[in-house]
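# Fold and contact review
Here is how the chains run, residue by residue.
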Amino acid sequence: MSAGVLSTCRAREAIVLGSIEPPKVKHVVKDSKAGITYEVMAYRKLSGSEVHFAIAQYLSQRKSRPRKGNTITIVTIFGITPRL
């Protein structure tokens, strides 16, 4: 798994355990050709290349493309500040 991108399952697990707050900044990308909407969640506003990087990482981990009409939520750790 790449730095900056958590699988949704692992992110939910961490949130349930109370170790981190969920990201609140939503970036929406619509792929009109494929009919898919991606929601990339982060802790800060991301650049276009960071959003596309998160989507590319998500797609590289899948064996098949998402179905037309789906909305995919990708949870990232971009912008998280460590608690010391």
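Here's what I pulled together on the structure shown here.

Quick notes on the rules
- Residues numbered from 1 in each chain as written.
- Predicted model: local features only at pLDDT ≥ 70, side-chain atom pairs only at ≥ 80, totals over all residues.
- Heavy atoms only, no water.
- Helix = DSSP H or I, 4+ residues; strand = E, 2+ residues; numbered from the N terminus.
- Buried < 20%, exposed > 50% of the residue type's maximum accessible area, 1.4 Å probe, protein only.
- Contact = heavy atoms within 4.5 Å.
- Areas by Shrake-Rupley, 256 points an atom, 1.4 Å probe, with all protein chains shown as cover.
- Salt bridge = Lys/Arg side-chain N within 4 Å of Asp/Glu carboxyl O.
- Expected span 1.5 Å × (residues − 1).
- Arc of directions from axis to C-beta.
- Core = buried A, V, L, I, M, F, W, Y, C linked by side-chain atoms within 4.5 Å.

### Focus: the overall build of the chain
From N to C terminus, the chain includes two helices and four strands. The proportion of buried residues among the 84 residues of the chain is 32%. Within the chain, contacts between residues at least 6 apart in sequence are counted, and of these 53% link residues at least 24 apart. Accessible surface for the chain amounts to roughly 5900 Å². Of this, 55% is attributable to carbon and sulfur atoms.

### Describing the pattern of salt bridges
Counting across every chain of the model gives two salt bridges. With a shortest N-O distance of 3.8 Å, K26 and E39 are connected by a salt bridge. Placement of the pair is K26 in strand 2 (residues 25-31) and E39 in strand 3 (residues 36-42), with a sequence separation of 13 residues. K26 gets classed as partly exposed once you look at its relative accessible area, which sits at 48%. R44 is paired through a salt bridge with E50; the nearest N and O atoms lie 2.8 Å apart.

### Quick word on helix 2 (residues 48-60)
In this model, helix 2 (13 residues) spans 18 Å end to end at C-alpha, consistent with the 18 Å of a helix rising 1.5 Å per residue. Where helix 2 is concerned, the buried positions are E50, V51, A54, I55, Q57 and Y58. The arc that holds the buried residues of helix 2, viewed along the axis, is 160 degrees, so those residues lie on one side. Away from its buried face by more than 90 degrees, helix 2 exposes S49 and S60.

### Thoughts on the nonpolar core
Grouped together as the largest cluster of nonpolar side chains are 12 residues: I36, Y38, V40, A42, L46, V51, A54, I55, Y58, I72, I74 and F78. Put simply, the parts of the chain that give this core at least two residues each are strand 3, helix 2 and strand 4 (71-76). Not counting residues within four places of it along the chain, the set of residues in contact with V40 comprises V25, K26, H27, L46, V51, A54, I55, I74 and T76.

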